[in-house]
Amino acid sequence: MKKGIIIWAVSAILYLGVVIAGYSMYANNNPKSEEHGHHTTTTEQGEESMNHQHSDQEHGNHGSNTTSEITPKVSYANGVITIELKDHNNHAPELEVSHEKYMHLIVVSSNLKEYHHLHPEKKGDVIYQVKISLADNSYKAFVDINPKGLQYAVRPIELQVGATHHVHGENKLITDKDFTKTLNGQTVELTPHSFEVNKEITLNFNVKGEKPEEYLGALGHVVILDEAGEKYIHVHPVSNDQTVFDTQFDKPGIYKLWAEFKFHGQVNIYPFVIEVK
């Protein structure tokens, strides 16, 4: 009896040793994956879409749905527009050059009749300024920048000039019937004349055989606003040798666009009013 127990115990120990050895060999040949592996995230950072539809971008794609980590402050006094730039941590953001400038400032009167494309210069850590004489009126300013490492959306900023508070009225833009404009002896024609919502639109400007001079790193610039002056689109040519621009409208309505071309050393700004159906 005693002898049988001893034999059984020895057999059990040997069996257990075989099992452990077998498991060790299996584990060594089949290592377990780490529970928290390395996750690779790919971020696509292309050129700003030609729609500074920033978004919309939009010099870049600065879409209105983008969360903005910078909220510029714009003021006007004594013939000077001042822009204060601070990020969400109250620091001065680092700006990257976009079309030869750190900042493009678009200022339009609330009725969209007056238009200015300006380039403020840095005057301090968070201060940019530009000189311009503005008549007493209500304006909207669009600070078009490309901050390094920060999300940014170009949005309208109310700007009141003068002691009287000018009330924003509802604009009643009249769609152009004639899409041929002549300024300073240079004619430009916009085609096509019909525009559809949620489709890629090609804006072709026929410059009548006269190639524009390069202006701010491109053959031209087009800024587009909706009738309310809320939706901002800034587009550039599709190539370096064509006055052709691609964009898209996400809502039907009346829009005003300003096409900027430089001829013989002078920048002409051609306004058009279009309807998107």
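Structure first, text after, so check above.
None of the values given here were measured: they were computed from a predicted structure.

Trainee: Any details on the nonpolar core? Residues and values, ideally.
Mentor: Where a protein is soluble and globular, its nonpolar side chains tend to be buried together. Membership of the largest hydrophobic core comes to 37 residues, with the highest contact counts inside it found for Ile-81, Ile-83, Leu-105 and Val-143. The contact partners of Val-143, leaving out residues within four places of it in the chain, are Pro-72, Val-74, Ile-83, Met-103, His-104, Leu-105, Tyr-152, Val-154 and Ile-157. Counting 23 residues, the second largest nonpolar core, distinct from the first, contains Val-222, Ile-224, Phe-245 and Phe-272.

Trainee: Which residues make up the side chain of His-104, and what are the values?
Mentor: Checked against the element boundaries, His-104 lands in strand S3 (residues 104–109). Look at His-104 and you get buried, because its relative accessible area is 1%. In terms of polar contacts, His-104 uses its side chain to reach the side chain of His-119, at 3.1 Å.

Trainee: Go over the side chain of Ser-138 with me, naming the residues and quoting the values.
Mentor: Relative to the helices and strands, Ser-138 is located in strand S7 (residues 137–144). A relative accessible area of 0% means that Ser-138 is categorised as buried. Polar contacts involving the side chain of Ser-138 include one to the side chain of Gln-160, which spans 3.2 Å.

Trainee: Can you tell me about the environment of Val-74, naming the residues and giving the values?
Mentor: Turning to its location among the elements, Val-74 is positioned in strand S1 (residues 73–77). For the pair Val-74 and Glu-158, spaced 84 residues apart in sequence, the C-alpha separation works out to 8.1 Å. If near-sequence neighbours (up to four positions away) are discounted, Val-74 is found in contact with Ile-81, Thr-82, Ile-83, Ala-141, Val-143, Ile-157 and Leu-159.

Calculation criteria
- Counting starts from 1 at the beginning of each chain's written sequence and moves along it residue by residue.
- Per-residue local features are limited, in this predicted model, to residues with pLDDT of at least 70; the limit for side-chain atom pairs, both in listing and counting, is 80 or more; totals at the level of whole chains, interfaces and linings are taken over all residues.
- For the side-chain quantities, the full set of heavy atoms in the structure was used; hydrogens and water were omitted.
- The definition of a nonpolar core used throughout is a set of buried Ala, Val, Leu, Ile, Met, Phe, Trp, Tyr and Cys residues joined through side-chain atoms within 4.5 Å.
- We call a residue buried when its accessible area falls under 20% of the maximum for its residue type, exposed when it is over 50%, and partly exposed in between, using a 1.4 Å probe and counting protein chains only.
- A contact between two residues is defined here by any heavy atoms of the two lying within 4.5 Å.
- We count a stretch as a helix when DSSP gives it H or I for four or more residues in a row; a strand needs E for two or more, and each element gets its number in order from the N terminus.
- For the purposes of these results, a polar contact is taken to be a pair of N or O atoms within 3.5 Å, where, inside protein, one atom must be able to donate a hydrogen and its partner to accept one; residues adjacent in sequence count only when each atom of the pair is a side-chain atom.

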